[in-house]
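Spelled out, the chains give:
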Amino acid sequence: MRGYFAIGAERISKPRNLGALMRTGHAFGASFVFSINAARDIKEAHSADTSKSDAQIPFYQWDTIDDMQLPRGCQLVGIELTDDAVMLPTFRHPPQAAYILGPEKGNLSPEIMARCAHVVKIPTKFCINVSLAGALVMYDRHLSMGSHAPRPIMPGGPDAPRRKHVPGPDRQ
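Just so it is clear, the model here is predicted, and its values are computed rather than measured.

Parameters and conventions
- Residues numbered from 1 in each chain as written.
- Predicted model: local features only at pLDDT ≥ 70, side-chain atom pairs only at ≥ 80, totals over all residues.
- Heavy atoms only, no water.
- Helix = DSSP H or I, 4+ residues; strand = E, 2+ residues; numbered from the N terminus.
- Buried < 20%, exposed > 50% of the residue type's maximum accessible area, 1.4 Å probe, protein only.
- Contact = heavy atoms within 4.5 Å.
- Areas by Shrake-Rupley, 256 points an atom, 1.4 Å probe, with all protein chains shown as cover.
- Lys, Arg positive; Asp, Glu negative; His and termini not counted.
- Charge placed at Lys NZ, Arg CZ, Asp CG, Glu CD.
- Pairing = 2+ DSSP bridges.
- Axes fitted to C-alpha atoms, helices over the stretch in contact; angles between N-to-C directions.
- 1 Å grid on protein atoms, 1.4 Å probe; cavity = no way out; pocket = protein on both sides within 12 Å on 5 of 7 lines; lining within 4 Å.
- Points joined across faces, edges and corners; volume = space filled by probe spheres on them.
- Nonpolar A, V, L, I, M, F, W, Y, C, P; charged D, E, K, R; others polar.
- Expected span 1.5 Å × (residues − 1).
- Salt bridge = Lys/Arg side-chain N within 4 Å of Asp/Glu carboxyl O.

All right, on to the overall build of the protein chain then. Scanning the protein chain from terminus to terminus reveals four helices and seven strands. Counted from the first residue to the last, the protein chain has its helices and strands arranged as β-α-β-α-β-β-β-β-α-β-α. Among the 172 residues that make up the protein chain, the fraction classed as buried is 40%. Of all intrachain contacts in the protein chain linking residues separated by at least 6 positions in sequence, the fraction that spans at least 24 positions is 77%. Summing over all exposed atoms, the protein chain offers an accessible surface of approximately 10,500 Å²; the carbon and sulfur share of this is 53%. Here the protein chain contributes 20 positively and 16 negatively charged side chains, and the mean placements of these two sets differ by 8 Å.

See below:
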């Protein structure tokens with residue numbers, strides 16, 4: 001899979017939820033994990049992050065949105081239940097993306113929403129746990145951008161060969 005992604009949260013108040021998000025990001029191959037104005041107790045986050053992901057991939061902890069520095073070309077993608085957000089199953093993930101989720105009992109701040117290149121919503125009736133929401137977004141990215149065989153028409157299905165990579169033209 002080409003490109004990279006990061007996963008993070010704003011104003012998350014429960015360190016264990018941050019830890020679970022960090023562990024899931026590590027499992028899905030995130031290039032880095034981040035938080036903005038989040039709980040600071042990384043040791044408590046480790047109780048839910050048994051892989052100690054911050055020792056495996058970079059973890060950035062920014063105090064404010066103005067402190068956040070994403071790599072050039074990286075698009076910020078907000079995950080939020082708004083009327084105008086794109087439904088996750090129909091969203092085309094950017095090759096370079098940083099996904100950001102809001103706090104457990106609240107929404108992404110207006111400052112974050114203003115910085116987002118895209119806002120996506122998970123098709124649920126109400127908000128779900130922040131680490132579960134992050135896992136669904138990363139799984140959807142993995143499915144839509146991976147080189148997996150197409151799903152079979154019938155339930156179950158045989159092991160089909162993976163799609164072969166077709167290189168594009170050389171860049172000058």
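Now that the structure has been shown, the text picks up again.
Moving on, we come to the sheet that holds strand β4 (residues 75-79). Taken in spatial order, the seven strands make up an open sheet running β3-β2-β1-β6-β4-β7-β5, and their pairing is parallel. Of all the strands in the sheet, just β3 (59-62) and β5 (86-87) have a single pairing partner and so form its edges. Contacts from helix α4 (residues 130-145) reach β1 (4-10), β4 and β6 (96-101) within the one sheet, and its direction differs from that of β6 by about 160°.

Quick look at the layout of surface pockets now. Quantified by volume, the largest pocket comes out at close to 320 Å³. Every residue lining the largest pocket is counted, 20 residues in all, and those nearest its centre are P103, C127, I128, V130 and A133. By residue class, the composition of the lining of the largest pocket is 11 nonpolar, five polar and four charged.

Relative to the 20 Å expected for 14 residues at 1.5 Å per residue, helix α1 (residues 15-28) spans 20 Å between its end C-alpha atoms, a close match to the ideal helical length. Within the span of α1, buried status applies to P15, N17, L18, G19, A20, L21, M22 and G25. G29, located one to two residues past α1, shows a positive phi value of around 90°.

A separate point is the pattern of salt bridges. Scanning all chains against the criterion turns up one salt bridge. The salt bridge involving E10 is made with R11; its shortest N-O contact spans 3.0 Å. The class for E10 is buried, based on a relative accessible area of 5%. On the basis of relative accessibility, which here comes to 29%, the residue R11 falls in the partly exposed class.

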